[in-house]
Amino acid sequence: MIKIAPSILTADFAFMGDTIKELEKSGADYIHLDVMDGHFVPNITFGSAFVKGIRGATNLPLDVHLMIDNPTDYIDDFASSGADIITVHTECRSALHLNRLLVQIKNSGKKAGVALNPATNPNVLEYIYEYLDLILVMSVNPGFGGQKFIPEALRKIEYVANRAAQIGYKIEIEVDGGINLQTAKSVIDAGANVLVAGNAVISSNNMKETITALREGGLL
């Protein structure tokens, strides 16, 4: 089954509660929360207090993507604030000891994910597949919403999906960046089963129709 994880990055924060309820009614599988610190990426969004507020507004799983330099200092805060999945980047400073980061997430009782920037070689995952519940392939350079899909990401999606299956681990393959009705089919065909969509869903005239179409490969 293909899951849709709408990102609220481009939503109007003044009406966030209403947006979350609409996403819930429209069939979203996860709520994707992009946490940025202004260091790892050139933007600042929100922290664990905001995640706690979202947790109070929905029962949907919260898919928290930490685009921050030192996640080891904040994993416990996000876990206690209601995150269900916590994803860290292989490129962050704390990732020097990536398996320790993933164990920290697991020990907090949450699912553990690792994100790969567009230029990052997926071989970095070779000795940590057993720790992973999710691999997030970035199909744009992180930091801003509304960017254009980088087609070279398709080879990476295919590689990590095949490698996870080959070694026998059940890992969700998530893709984030430029996902819309035109790109959904190609990433699904490459092996992705969780699609993060921001503008495509949040700015659509009918969220339910758009989520259904994305799940079916972009066919309205």
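You'll find the structure just up there.
Here the structure is a predicted model, which means the values were calculated and not measured.

K.L.:
Could you clarify how one ought to interpret the pattern of salt bridges in this entry?
P.N.:
Oppositely charged side chains may form a pair once their charged atoms are brought near each other. Under the counting rule described, the total for this entry stands at 9 salt bridges. Put simply, Lys3 and Glu172 hold a salt bridge, and the shortest N to O gap is 2.7 Å. A residue pair is termed long-range when its members are at least 10 positions apart, and Lys3 in strand S1 (residues 3-6) and Glu172 in strand S7 (residues 172-176) qualify at 169 residues. Take Lys3: its relative accessible area is 23%, and that puts it in the partly exposed class.

K.L.:
Please explain the sheet that holds strand S4 (residues 85-89) as it appears in this structure.
P.N.:
In any sheet, the strands associate via hydrogen bonds between backbone groups, in a parallel or an antiparallel arrangement. Overall, parallel pairing links the 8 strands, which are arranged S1-S8-S7-S6-S5-S4-S3-S2 in an open sheet. The open sheet has two edge strands, S1 and strand S2 (31-36), and neither has a second partner. In this sheet, neighbouring strand axes are inclined to one another by 25° on average, regardless of whether the strands run parallel or antiparallel. Pairing analysis gives 4 bridges linking S1 to strand S8 (residues 194-197), with the strands arranged parallel. Bridge assignment links Ala5 to a residue of S8, and that residue is Val196. Against the sheet, helix H8 (residues 207-215) touches S1 and S8, its axis set at about 135° to S1.

K.L.:
Explain helix H4 (residues 98-107) here, please?
P.N.:
The periodicity of an α-helix, 3.6 residues per turn, causes residues three or four positions apart to be oriented the same way. Here H4 has its buried residues at Leu98, Leu101, Leu102, Gln104 and Ile105. Here the buried residues of H4 occupy an arc of 155° about the axis, which is enough to place them on one side. Every exposed residue of H4 that faces more than 90 degrees away from the buried side is listed here: Arg100 and Asn107. In this structure, the buried side of H4 is in contact with helix H3 (75-80), S4 and strand S5 (111-116). Phi turns positive, to about 85°, at Gly109, one or two residues after H4.

The rules we used
Residues numbered from 1 in each chain as written. Predicted model: local features only at pLDDT ≥ 70, side-chain atom pairs only at ≥ 80, totals over all residues. Heavy atoms only, no water. Salt bridge = Lys/Arg side-chain N within 4 Å of Asp/Glu carboxyl O. Helix = DSSP H or I, 4+ residues; strand = E, 2+ residues; numbered from the N terminus. Buried < 20%, exposed > 50% of the residue type's maximum accessible area, 1.4 Å probe, protein only. Pairing = 2+ DSSP bridges. Axes fitted to C-alpha atoms, helices over the stretch in contact; angles between N-to-C directions. Contact = heavy atoms within 4.5 Å. Arc of directions from axis to C-beta.

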